[in-house]
Amino acid sequence: MDQQHKNRYLVAAATCLFLVFGLMYYYFFSAFSNSETTQYIYIDTNDNVDSVVAKLTPIAKQHSLHGFTTLMRHSQYADHIRTGRYAIKPSQGAFTVLRHIKNGIQDPINLTIPSVRTMDRLSEELGKRLMLDSTDIAKALTSQEICKKYGYDTTTIACMFIPDTYEIYWNISIDQLLDRVKKESNRFWNSKRTAQAQALKLSKNEVITLASIIDEETANNAEKPMIAGMYYNRLMLRDSKYPNGMPLQADPTIKFAWKDFDLRRIYQKLLNIKSPYNTYKNTGLPPGPIRIASIAGIDAVLNMVHHDYLYMCAKEDFSGTHNFAKTYQEHLGNANKYTAALNKRGIQ
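The structure contained in this document is the topic of the report that follows. (Residues numbered from 1 in each chain as written. Predicted model: local features only at pLDDT ≥ 70, side-chain atom pairs only at ≥ 80, totals over all residues. Heavy atoms only, no water.)

**Quick notes on the pattern of salt bridges**
Put simply, the rule reads: Any carboxyl oxygen of Asp or Glu within 4 Å of a side-chain nitrogen of Lys or Arg constitutes a salt bridge here. By the criteria applied, helices consist of DSSP H or I runs no shorter than four residues and strands consist of E runs no shorter than two, each listed in order from the N terminus. We call a residue buried when its accessible area falls under 20% of the maximum for its residue type, exposed when it is over 50%, and partly exposed in between, using a 1.4 Å probe and counting protein chains only.
Taken as a whole and assessed by the stated rule, the structure comprises 11 salt bridges. D299 is the salt-bridge partner of R193, the closest N and O atoms lying 2.9 Å from each other. Here the residue R193 occupies a position in helix α9 (residues 191–199), and D299 occupies one in helix α13 (residues 295–302), the gap between them amounting to 106 residues. Given the relative accessible area of 16%, R193 is considered buried. For R291, the salt bridge is made with E216, and the minimal N-O distance between the two is 2.2 Å.

Next comes the structure, spelled out in structure tokens:
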């Protein structure tokens, strides 16, 4: 074979190799996604190879999806389906996408613990954000055995949830979730906050329970330390009239006892409910929080303003702030102004 023929064969071989590598790149390594931004797919326990492909179809370029299914058939992916939240980045090819979802290389989510009023609502909100079923979450939070494992009971388990944002995996298990929440609670209660609670002679649960009441009283974070100081004065008051402390008489606890959070006015007939959360009938704090307390509320208790006020009433201008009073007589004057404002607006 002369040199000319050899050159032709070499050119033909090189062309074939170029085409082979070009096709491999085109199907397996070129950009898989049809979007210029990162897309996500969620694979759960009910998924199979067909449903995974169906979830990828709206995201993928047609040739890349063909490459993905080819790789999938030859990789035994059907036997290695892993749940999780997987990022499909613009630069990734079908080979990388399959490698990630097959090996469980997922991207975490930013989970924000919501400051909600009930454990049912907490379970519902977490269920929306995680692969977990809200019913299973609710069962765990109402299980005395599980709550005891973390040092709480079903009335105080809300104390473990600090409403912050945490990076976790979407397919986290219930045990892993609760372990993480407990870890974050321990981190939140650093030496400074722990010492502040001890100085007030309050347990961590009591601090959070009081904070939950204050959060219900106002959304004005600037005023929360003042309200904390007032309720603390009632808790600590000891005299002939209140040998066990003055009742908190906190209207939000009445709403919680009735499980009616839309109440606009608290009438006398509502104060007779038999409930440990009725702070008009019972002295001291209720048995647990009446919502997931905010960080601002917790820190307001720990950094409360120390003053002599024993009473407060919402201001008649509906600004969301309060008039404070040292005597009951002064408080009645504030209450009358607020009642008149309610009546004027026709609020029942």
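**What to know about helix α14 (residues 328–345)**
To keep it simple, the criterion reads: The span one expects for a helix is its residue count, reduced by one, times 1.5 Å. Starting at the helix axis, one direction is taken to each C-beta atom, and the arc is that of these directions. Contact definition: two residues touch when any of their heavy atoms are within 4.5 Å.
Between the first and last C-alpha of α14 there are 26 Å, a value that for 18 residues agrees with the 26 Å anticipated at 1.5 Å per step. If you check which residues of α14 are buried, you get H331, N334, A335, Y338, A341 and L342. The buried side chains of α14 occupy one side of the element, clustering within an arc of 120° when seen end-on. Exposed side chains of α14 directed beyond 90 degrees from the buried face belong to Q329, N336 and K344. The inward-facing, buried residues of α14 contact β5 (311–314) and β6 (322–325). Directly beyond the C-terminal end of α14, a positive phi value near 70° is found at G346.

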